[in-house]
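Spelled out, the chains give:
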Amino acid sequence: KTPTELWREINRLMQLGQWTEVERLSSELCHSLSTVPPEWVNELGVSLARYGRLTLAEQLYRKLVEFYPNYAAGYGNLGLVLRRLGRTDEAVYSFLRALQLDPNFVEALNNLALLLRDMGRLQEAVQYLERAVQIRPNQAVLHANLAQIYRALNRHEHAVRHFRHALTAQPGHLDICLSLSLSLLALGEEAEAENWARHATILAPGSADSWNTLGTILSSMGRYREALDCFNQALQMEPQHHLAHLNRGLVFLLERNWERGWEDYEHRVYLRPLEWQRFAQPRWQGEALSGKTILLVAEQGIGDIVQFVRYAAVLRQQGAHVLLECPKNLVPLLSRTIGVERCYARGESLPGCNFYSPLLSILRYLGCPPENISAPVPYIAADPNLVASWQSKLAQYSGLRVGIAWQGNPNYPNDWQRSVPLNMFRSLAKIAGVTLISLQKGPGEEQLAKCDFEVADLGPERDAAQGAFMDTAAIVQHLDLVICTDSAIAHLAGALGRPIWLLLGYVCDWRWGTTGETTFWYPTMRLFRQQKRGDWTTVFESVAWELQKLAQAKLGRSSFGTVQEICVPVAPGELLDKITILRIKQQRIVEADKRRNVEIELAELEKVAGQHLPHTAELDQLIQELQAVNLALWEVEDALRDCERHQDFGPRFVELARSVYRHNDRRAEIKKRINLLLGSRLVEEKSYRPY
């Protein structure tokens, strides 16, 4: 047959699915390439790829470019085939070869950019697509692809510009409308974002994605009831729309509708199924854990991990052996968590276990609201060696030492609502007796170079050698206070039981709720909320007022002048007893001024404990027992006062009164065990007449 007849016959046989004959005739055609136009062979390769015969298509294209080494289209389509075969490095080379032959080959520029995007090489992808849109400025798909990559890079100004170009050519393109609305939201252009999302619901009223996107925007604006209606609408259209379930769950959690919130929040797992398919063990769903081993799998951001790792102690109290898998850089820090027997780096070989659980799924199966679960705080300990090392380094900073952090992860969609510029802290730096110390690491740290007020910079070596947050945890032990926006630093300070003032935007993360100055998550945390969207000035005015009072208390100023603190030797059991009582007071006392005084005293005593006492599992258990006894004594005293109030001095009053000395005996016993455990030369003793 002539080459023309061969070409036609191969196309006919492909339609009939007679692939053995197609392969034989294609091989025959390759021996006649000198008489066949390269465009014919190129088209044949496209057809083979369309039918999924990728290996045969590759062979054909390799013969084609071997015979026509300057044929750019052959290299371009060979790159597409190699990409589908998963041979990405070869595909990149093929696209680059096509562009060497034809620098204006727009299809190769676009396909190479999309491949680089999938490989995570976003900056390179942008460069090739920018070249493509210069060559064909009116091609909507190029602008749309470029905009999506800019959006992935969080360069939303550029994304918006190219989305608008794409919509000029395709005004009714649903995905572009939705993506534009989300980029506008990331820039804080909420009104226009809402308009485009509503336009998408008009374009496609049956699209679950449209309603979910509109709900996302309304939720970001604090319009939670309207957002719930949108998420419900999306789920009517598509009952298993996991993102709509997740977004609805976040609103439920914000409103403290725990049961429905955790149920919907579980859909985050379905968005990344491969992450969880690697475990052969069953997922824990509330089964009895006594004598069992459970692997907790860290997920989401560092703040989420630090916040929820506390529940390892709760599972340990149920008799479980608790293991933790987390990012490698967090292993040193999280290995020092109460309840965690061993911490493994992600990718490391894991031991056998009875169950596994995503870390943020634990609360769903513990069976009661999180505010009613007794999880110890602090539950993460700083390394004593690092604490001692940083003590001398921080000795140069006098007065009230305040750690600050102002920038969260910029990749977080609502980062613009939670982070602030460093210059917002200027009013705090002016307060007499206050030393600001930067805890910022990574994005935002560059602002220190242009800061025009005094902020101590502890240097780039912090957290570089020992692991993420290891130095920071030790530093925080020497600070009187941490003031920061909603980021991992806030969770770290809270987990360490250190005094922390958290600055919250008007619309904030679900875990902080919508009202209140305190949070059950962290008893040492105080919340300063925006009362008006975007108004950080008023927030910092409130912080400055409260900080000035703290600074004056630190300096010991009173009507009698400066009062020196009295330092006396104390047994460790007595110190820890006082700390547990102060922690209870911090949780129970509602008057702001009284609570501030408690926080000052607690901060000082916890700093001393952090500097001088070791961190061991046995000591942690004794501290928990001491906390429980003191809490019981608090409850007994409240009950006795109720009896006094009602003049009820019957059997209940007698039993309560008798329980006081029984609890106090138990308290003294625990304190003595602590003193003996730590080898203290001061050991408290009690003695009574026989009875």
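Computed from a predicted model, the values in this text were never measured in an experiment. (Residues numbered from 1 in each chain as written. Predicted model: local features only at pLDDT ≥ 70, side-chain atom pairs only at ≥ 80, totals over all residues. Heavy atoms only, no water.)

### Some words on the sheet that holds strand β1 (residues 293-297)
Strand pairing within a sheet occurs via backbone hydrogen bonds; the two strands may be parallel or antiparallel. Spatial ordering of the open sheet is given by β3-β2-β1-β4, a layout of four strands whose pairing is parallel. Only two strands of the sheet have a single partner each, and these edge strands are β3 (340-345) and β4 (355-358). Averaged over all adjacent pairs, the angle separating strand axes in this sheet is 25°, with direction ignored. By the bridge criterion, five bridges tie β1 to strand β2 (residues 321-326) in an arrangement that is parallel. (Pairing = 2+ DSSP bridges. Helix = DSSP H or I, 4+ residues; strand = E, 2+ residues; numbered from the N terminus. Axes fitted to C-alpha atoms, helices over the stretch in contact; angles between N-to-C directions.)

### Brief notes about the pattern of salt bridges
Applying the stated criterion across every chain, the model contains 47 salt bridges. One salt bridge connects E299 with R268, and the closest N-O pair in it is separated by 2.7 Å. Of this pair, E299 sits in the loop between β1 and α18 (302-308) while R268 sits in the loop between α16 (258-265) and α17 (273-277); the two residues are 31 residues apart in sequence, bridging distant segments of the chain. For the residue pair E299 and R268, the accessibility class agrees, reading buried in each case. Two residues, R278 and E275, come together in a salt bridge whose shortest N-O distance is 3.2 Å. Taking relative accessible area as the criterion, E275 reaches 17% and is therefore assigned buried. Residues joined in a network through salt bridges with shared partners are E266, R268, R283, E299 and R364. (Salt bridge = Lys/Arg side-chain N within 4 Å of Asp/Glu carboxyl O. Buried < 20%, exposed > 50% of the residue type's maximum accessible area, 1.4 Å probe, protein only.)

### A word on unusual backbone geometry
Residues V377 and P378 are joined by a peptide bond in cis, for which omega reads 5°. Secondary-structure assignment places P378 in the loop between α21 (362-366) and α22 (384-394). Despite not being glycine, F469 shows a phi value in the positive range, around 70°. By secondary structure assignment, the location of F469 is in the loop between β6 (434-438) and α25 (470-476). A positive phi angle, near 55°, is found at Q647, a position not held by glycine.

### Describing the sheet that holds strand β7 (residues 481-485)
Ordered by their spatial adjacency, five strands build an open sheet running β6-β5-β7-β8-β9, and the pairing between neighbours is parallel. Of all strands in the sheet, those with a lone pairing partner are β6 and β9 (525-529), marking the two edges. Averaged over all neighbouring strand pairs, the angle between strand axes comes to 25°, with direction disregarded. When strand β8 (residues 500-504) meets β9, the two strands line up parallel, connected through five bridges. Each residue of the ladder has a partner; that of W501, found in β9, is R526. The sheet strands contacting helix α26 (residues 488-495) are β5 (400-405), β7, β8 and β9, and the helix crosses β7 at an angle near 150°. (Contact = heavy atoms within 4.5 Å.)

### What to know about the nonpolar core
Ranked by internal contacts, the top residues of the largest apolar core, which has 157 residues, are Y311, L315 and L334. Ignoring anything within four residues of it in the chain, the contact list for L315 reads W284, L289, I294, L296, A320, V322, I362 and L366. In terms of nonpolar packing, the next biggest core, distinct from the first, is built from 27 residues, F425, V434, I483 and V543 among them. (Core = buried A, V, L, I, M, F, W, Y, C linked by side-chain atoms within 4.5 Å.)

### Details of the confidence of the model for the protein chain
Detailed reading of the predicted model is not advised wherever pLDDT is low. On average, residues of the protein chain score 89 in pLDDT, and 94% of them reach the 70 mark or higher. Segment residues 558-563 is flagged for pLDDT under 50; beyond a separation of four residues in sequence, or across chains, it makes five contacts in the model. (pLDDT = per-residue confidence, 0-100.)

### Some points on the packing of aromatic side chains
A complete count under the given rule lists 20 aromatic pairs for this structure. On the numbers, 5.7 Å between centres and 90° between planes, the contact of W262 with W510 is edge-to-face. Residue W262 is located in helix α16, and its partner W510 is located in the loop between β8 and β9; the two are separated by 248 residues in the primary sequence. Overall, the relative accessible area of 5% leaves W262 in the buried class. For W510, a relative accessible area of 5% corresponds to the buried category. In textbook terms, an aromatic cluster arises when at least three aromatic residues are bridged by ring pairs, as seen for W258, W262, Y265, F308, Y311, W510, F520 and W521. (Phe/Tyr/Trp six-rings, centres within 6.5 Å; stacked < 30°, edge-to-face > 60°.)

### Section: the layout of surface pockets
Looking at the second largest pocket, its volume works out to about 1,100 Å³. Around the second largest pocket, the lining comprises 45 residues; the ones closest to its centre are P376, V377, P378, R583 and Q627. For the lining of the second largest pocket, the class distribution of residues is 28 nonpolar, 10 polar and seven charged. (1 Å grid on protein atoms, 1.4 Å probe; cavity = no way out; pocket = protein on both sides within 12 Å on 5 of 7 lines; lining within 4 Å. Points joined across faces, edges and corners; volume = space filled by probe spheres on them. Nonpolar A, V, L, I, M, F, W, Y, C, P; charged D, E, K, R; others polar.)

### Quick word on a nonpolar patch on the surface
Residues Y661, Y688 and Y691 make up a contiguous nonpolar surface patch of roughly 430 Å² in combined accessible area. Relative to the helices and strands, Y661 resides in helix α31 (residues 651-677). (Patch = residues over 30% accessible without salt bridge, like charges linked within 9 Å, V, L, I, M, F, W, Y side chains within 5 Å. Areas by Shrake-Rupley, 256 points an atom, 1.4 Å probe, with all protein chains shown as cover.)

### Remarks on the state of the cysteines
Going through the model one piece at a time under the given rule, you end up with zero disulfides. As a non-bridged cysteine, C177 has C230 as the owner of its nearest cysteine sulfur, 16 Å distant. For C177, a relative accessible area of 0% gives the class buried. Here C343 stays free of any disulfide, with the sulfur of C326 as its closest cysteine sulfur at 3.5 Å. (Disulfide = S-S within 2.5 Å.)

### A closer look at helix α6 (residues 88-101)
The terminal C-alpha atoms of α6, which comprises 14 residues, lie 20 Å apart, in line with the 20 Å expected from a rise of 1.5 Å per residue. Listed in full, the buried residues belonging to α6 are A91, V92, S94, F95, A98 and L99. Summarising the axial view, the buried residues of α6 lie within an arc of 165°, below the 170-degree limit, and thus occupy one face. Away from its buried face, by an angle of more than 90 degrees, α6 presents the exposed residues D89, Y93 and Q100. If you follow the buried residues of α6, they end up packed against α5 (72-84), α7 (106-118) and α8 (122-135). (Expected span 1.5 Å × (residues − 1). Arc of directions from axis to C-beta.)

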